[in-house]
Amino acid sequence: MKKTYSKVAIYALIGTAALFTTACSKPGEKATAVENEEVEAIYAIDTFITAEENMDDYLEFGGDVASLNAVTVMPDVAGKVSRITVSVGDRVSKNQIIAYVDASRPGMNYSASPVKAPIAGRITAIPPTVGTMVSQQSPIATISNTDTLEVKINIAERFISRIKEGQMAIVSFDAYPGESFTAKVFEVSPVLDTSTRTMAAKLRFVPQDKRIKVGMYGRVKLITTSIQNAIIIPSTAIVTKNNNKYVFVVANRGNNTQSTVRMQQITEGITVDNFTEVSSGLSVADEIVIKGQTLLNDGSKVNVVSVSQKN
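Scoring rules and cut-offs
Residues numbered from 1 in each chain as written. Predicted model: local features only at pLDDT ≥ 70, side-chain atom pairs only at ≥ 80, totals over all residues. Heavy atoms only, no water. Pairing = 2+ DSSP bridges. Helix = DSSP H or I, 4+ residues; strand = E, 2+ residues; numbered from the N terminus. Phe/Tyr/Trp six-rings, centres within 6.5 Å; stacked < 30°, edge-to-face > 60°. Buried < 20%, exposed > 50% of the residue type's maximum accessible area, 1.4 Å probe, protein only. Lys NZ or Arg CZ within 6 Å of the ring centre and 35° of its normal.

Peer 1: Just to check I follow, could you spell out the sheet that holds strand S6 (residues 97-102) for this structure?
Peer 2: Adjacent strands of a sheet form backbone hydrogen bonds with each other and so pair up, either parallel or antiparallel. Here we have four strands laid out as an open sheet, ordered S7-S6-S4-S9, and antiparallel in their pairing. Two strands lie at the open edges of the sheet, namely strand S7 (113-116) and strand S9 (133-134), each paired on one side alone. When strand S4 (residues 79-84) meets S9, the two strands line up antiparallel, connected through two bridges. Of the residues in S9, the one forming a bridge with Gly-79 is Val-134.

In structure tokens, the structure reads:
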């Protein structure tokens with residue numbers, strides 16, 4: 001006996017099969033192509049515009065300001081200082097009398113012996129006072145030529161090959177914060193001090209400045225190498241890969257398209273105060289990444305947040 005089915009039953013079977021097929025499909029099989037696409041990152045960066053700059057490498061020293069000529073004046077006779085005719089700070093001429101020493105003793109009276117200035121200059125010290133007993137080895141005064149001042153520095157043995165006469169230096173003082181004074185090396189000792197392993201050198205201020213006083217302590221930046229019209233970049237912009245040095249250069253800037261970066265290999269020169277000379281690999285007006293570069297690869301898309309350049 002044959003079984004017969006109504007149309008309603010047939011339609012119900014078809015619907016059940018359809019539901020079963022849908023329920024057995026794997027999650028995500030109906031995901032669209034958009035859901036399967038990777039979202040490409042856009043990195044926020046800071047950049048730096050390259051330009052030609054002058055760069056000076058230097059060594060730092062400390063030194064005391066002294067007069068070019070300083071003479072200690074001694075009396076011709078031993079005795080008591082009976083009179084002092086000058087004060088500290090006074091200018092004196094050569095052979096001017098600056099004091100008198102009385103060599104008289106009980107029962108022996110002498111005229112006071114004059115003490116004369118052996119050079120012209122300014123009185124910078126008068127150790128004794130009237131009534132002080134002095135000998136022929138006792139200093140009566142110090143006379144200095146304060147019109148020409150110098151800075152004396154001591155150079156460690158490992159640096160002496162970088163020092164020569166005529167080099168320029170920048171000197172700063174605590175008394176004048178934010179100001180700098182120029183000086184030039186005019187004397188270099190031919191020998192080293194065997195106890196300190198240092199070599200003495202003297203620098204003269206060019207031009208002389210009356211604000212600088214004998215005895216002041218100066219911080220000296222002695223320029224050893226000077227490079228003209230070099231491309232200088234912040235040292236932090238440089239990344240190292242496979243022992244090579246690279247920077248990231250921004251491309252497509254201002255072309256109404258998404259900016260990207262390219263890796264550019266460079267050759268480094270000297271580094272001074274966190275700036276590095278680039279001897280090859282970059283041109284003037286290149287825009288390089290100085291912040292955010294550690295996340296980048298060649299061709300990465302970027303968004304420039306801020307731009308700077310060397311003053």
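After that view of the structure, there is still more to cover.
Peer 1: How should the packing of aromatic side chains be read in this particular structure?
Peer 2: Aromatic rings considered in pairs are described by the distance between their centres and by the relative angle of their planes. For the coordinates displayed, the defined rule picks out three aromatic pairs. With a centroid separation of 5.9 Å and an interplanar angle of 65 degrees, the aromatic rings of Tyr-176 and Phe-181 are classed as edge-to-face. With respect to class, Tyr-176 is no different from Phe-181; both count as buried. Above the face of the Phe-186 ring, Arg-204 is positioned so that its terminal group lies 4.0 Å from the ring centre. Positioned above the aromatic ring of Tyr-176 is the side chain of Arg-211, whose terminal nitrogen or guanidinium carbon lies 5.2 Å from the ring centre.

Read these as layout, nothing more, since geometry by itself doesn't imply function.
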